[in-house]
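Each chain, written out:
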Amino acid sequence: SSLVMRAGLTSCEQGFGSTNQRRCGSEDSGQDFGRGVDATMGFTPASDDAEAVVDELDLLLTGGRLSPHVRQVILRKYLHRKDGWGEEDAVLHAMQLFTLSLEFHSTNFNALGEPRVKSAYATVGGVRGDYKAVVVLFMNGGLDSYSLLVPHSGCEPHPTHADLHAEYMEVRGVVAFQKTDLLQIDVPDGGPNRTHPCSRMGLNPVSDTVKDLYEDGSLALLANIGSLIDPVADKHEYRSGSLRLPPGLFSHSDQQEAAQNVYAQSMAMSGVLGRIMGVLTDYDSPFEVESYSISGSGLILEGGPVPPTTVDDSGSNRFGWYSSVSSDLDEMLANSSRSVFGETMARQMQAAFEATENLGQRLADSTTATAFGNSGIERQFEQVAKVINAARKGAWTGKPERQAFFVQQGGFDAHGGPAGTQNGLANIDNALSSFTTEMLVTGAWDDVVVLTASDFARTLTDNGLGTDHGWGGNMFIAGGLVRGGQVFGKFPNRYAECDDGCPLNIDARGRLIPTTPWEGVWRGVAEWYGVQQERLDEILPNAKLFEAEGRRTEEDISMYHPDKPILDQHDLFKPAPPSPPATPPAPPHPPPGPRPQACLPLVEDRFCYGTSHTAQMRPAVDAADCRAACTDYSEANSQQGCCRFTPHAEGVSDRSCDFSLGDKRITGGDWQPSVDRLNLFEGSSGECCPRRGRDGACNADEIKPMPPTPSPPPPPTPSPPPPPPPTPSPPPPMPPPPPPP
């Protein structure tokens, strides 16, 4: 109502109104704001006096019950808007605030209590640390699930036909598939004298991903499952009136509720996932839980400790005008209310606004590594993947431990033919393909379960064009730890209605009594999710009726019913793989070696990135600081020598330095990194690279090793002292004088 006051009856701004094809403008952008509005709400006050205007709105909208505090807030905001935007805008704003007041939403007196401590309670719980998510895929309209899973071959002997597929072809008529059309899968417990009538079954021709996941061991099929209160052995018990049957059998609304609350006798029961969440937050060490509906209001999430957050397939359903009223709303709700109704409304309203705003921002920042298609269910699964990715990466203030999601594909009410069924199953298969790929890529597949449900199956016989409302049908459960590659429950061994040997077919149209209740799969999911065994009765009160002693041992029942209709965690799930051993501490890094010498000046060219960067600096930045920041940045990005910097100051305290790696010449003008090159005159690598690619890698054939540093000449070796002059030989002795004559 607050949005209708401001914008009128329109589908823009996530509002009400018929969907229009016109572009929704924005008030802030100055675009046309007429935008295909179906109707507007107008009000002309009887007086232009501000207090008289507020009093008149109080009488019309809140019966004169507006508290003095809220009245003063609205009066003050009215005067402010009137001065700034005019009287018409002020009246609209006041009307909008009235529709957000507690007095507008409750009829008793709103007495104020203590000052409110504002806090979003979008999550509840503790710090256990593990993470699990359940995604419920609801196929609205009643899936013709006997076109999802079909008998193929290796079947037990048949009393009237060549095999069960031959009977299937005759009974199903215009909606039947030939064997050659089906995607074949092996059924481990199928064949003569086994649980299922055939050892090989067929999947719908458009269900390639379902087949791949089944054969990969991460998807299991659930045969003949549906809503029950008491176990119904056969059509005679069904007709006897001695057992409780779900009210509104074959009714869309009743059976949608029964499939989602898993307590078929009461449409007032809360959703099964809501009850699970309630138990998980009721332990001494509670779980932190969150719930999300990606397709409108999902009953299955209701009744939990936290209201489910509604997200559409394009992101969070954020209140388009919240920013214009958020501070005003905080003032109006500054104090708690002594009215139980008023305080409940206040908490719900604050939680809804805060949750959608916070989630909207997280989704805007979250991405997927996998491309998703454009169908509605594919976009829904994309939003689920984004929320899971953001939660597991720690984008939440308190990391959630359990998340629940509701997604929905419609169009399965196949009275007029099988086209809707085939289109819906094809879209689901594409969505599963993208979603499971994303979960595998991000490592979340072991922590996620996808569980399908529908109103009911459809009649086995056709109506000439399509099929009508039935009862028990076939679903599937998928996840990294699901015990896949098998069919749980018991697939029917007859399609036709007959007096002998067809106990589950209650009429000639082929409506089958379910042999596994919805409780049969939810017990194992609840245990895997963290519910302890002693609390299971609170969640699934009817489950014990299917485990009564002696009930399942009677021959006429066990022949057509599974031995174990209620599956526990060990039936449905493989044990989680052991945690990997702790990573040993890394050895200490060796001391750094000597820094390589700088490259000598070169004349060769190299590529530069051509990217810009702004570094926040201390006050009084100067050119030397900027050059140092650019040098560090360029070295970290293998772009030495490409710096272009401009020191500047913005404002009084915000000092920064803008620099780029080659996007501007020194003399100005655009830098073209793919054409121009920059001379390299500095650097710190151990090699001089004449040219680097955009990735910073040097072209191998152009690496020029660092020129060797010339060795200094050796010091001159001192010459030895000259040898002393030789000692002169003594003169030879004089001969004796000759004798005298």
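Note that this is a predicted model, so its numbers are computed, not measured.

Chemist: Whenever I open this one, unusual backbone geometry confuses me. Can you help?
Modeler: Working note: non-glycine residues mostly have negative phi, and peptide bonds are mostly trans. Positive phi values are uncommon outside glycine, yet asparagine 224 reaches one of about 50°. With respect to the helices and strands, the residue asparagine 224 is situated in strand 6 (residues 219–226). Taking the relative accessible area as the measure of exposure, asparagine 224 reaches 0% and is therefore buried. Notably, phenylalanine 250 is not glycine yet its phi reads approximately 75°, a positive angle. Within the secondary structure, phenylalanine 250 sits in the loop between helix 8 (235–240) and helix 9 (252–261). Under the relative-accessibility criterion, phenylalanine 250 is labelled partly exposed at 21%.

Chemist: I keep staring at the packing of aromatic side chains and nothing clicks. Help me out?
Modeler: Evaluation of the coordinates by the stated rule reveals 10 aromatic pairs. With a centroid separation of 5.5 Å and an interplanar angle of 15°, the aromatic rings of tyrosine 292 and phenylalanine 405 are classed as stacked. With tyrosine 292 in strand 7 (residues 289–293) and phenylalanine 405 in strand 11 (residues 402–409), this pair connects stretches of sequence that are 113 residues apart. Judged on exposure class, the residue tyrosine 292 and its partner phenylalanine 405 are both buried. Between the aromatic rings of tryptophan 528 and tyrosine 529, the centroid separation amounts to 6.2 Å while the plane-to-plane angle is 15°, which identifies the pairing as stacked. We note that tryptophan 528, like tyrosine 529, is buried.

Chemist: Honestly, the confidence of the model for the chain in this entry has me stumped. Any pointers?
Modeler: Any residue range with low pLDDT should be treated as having predicted coordinates unsuitable for detailed reading. Model confidence for the chain is summarised by a mean pLDDT of 79, while 68% of its residues fall at 70 or above. Within the model, pLDDT remains below 50 along residues 119–127, and this stretch shows 29 contacts once partners closer than five positions in the same chain are excluded. This model gives residues 647–654 a pLDDT under 50, and the stretch forms 10 contacts once residues within four places in sequence are excluded.

Chemist: Can you walk me through the packing of helix 7 (residues 208–216) against helix 14 (residues 419–442) in this structure?
Modeler: Packed helices, taken two at a time, are described by their axes: the angle between them and the distance between them. Relative orientation of the contacting elements helix 7 and helix 14 amounts to 45°, with a least axis distance of 7 Å. Taken together, the axis directions place helix 7 and helix 14 in an arrangement best described as oblique. Here Asp208, Thr209, Val210 and Leu213 of helix 7 come into contact with helix 14, specifically with Asp429, Leu432, Ser433 and Thr436.

Chemist: How should I be thinking about the sheet that holds strand 3 (residues 149–155) in this particular structure?
Modeler: Two pairing modes exist for strands in a sheet, parallel and antiparallel, and in both the strands are linked by backbone hydrogen bonds. With antiparallel pairing, the 3 strands of this open sheet are ordered in space as 3-5-4. The sheet is open, and its two edges are formed by strand 3 and strand 4 (183–186), each paired on a single side. Strand-to-strand twist across the sheet, computed as the mean angle between neighbouring axes with direction ignored, equals 35°. Sheet analysis places strand 4 next to strand 5 (residues 198–203), joined by 4 bridges and oriented antiparallel. Bridge pairing links aspartate 186 to arginine 200 in strand 5. Across the sheet, helix 6 (residues 164–172) touches strand 3 and strand 5, and the angle it forms with strand 3 is around 145°. Contacting strand 4 and strand 5, helix 7 crosses the sheet at an angle of about 20° to strand 4.

What counts, and where the lines are drawn
- Residues numbered from 1 in each chain as written.
- Predicted model: local features only at pLDDT ≥ 70, side-chain atom pairs only at ≥ 80, totals over all residues.
- Heavy atoms only, no water.
- Helix = DSSP H or I, 4+ residues; strand = E, 2+ residues; numbered from the N terminus.
- Buried < 20%, exposed > 50% of the residue type's maximum accessible area, 1.4 Å probe, protein only.
- Phe/Tyr/Trp six-rings, centres within 6.5 Å; stacked < 30°, edge-to-face > 60°.
- pLDDT = per-residue confidence, 0-100.
- Contact = heavy atoms within 4.5 Å.
- Axes fitted to C-alpha atoms, helices over the stretch in contact; angles between N-to-C directions.
- Parallel < 35°, antiparallel > 145°, perpendicular 65-115°, else oblique.
- Pairing = 2+ DSSP bridges.

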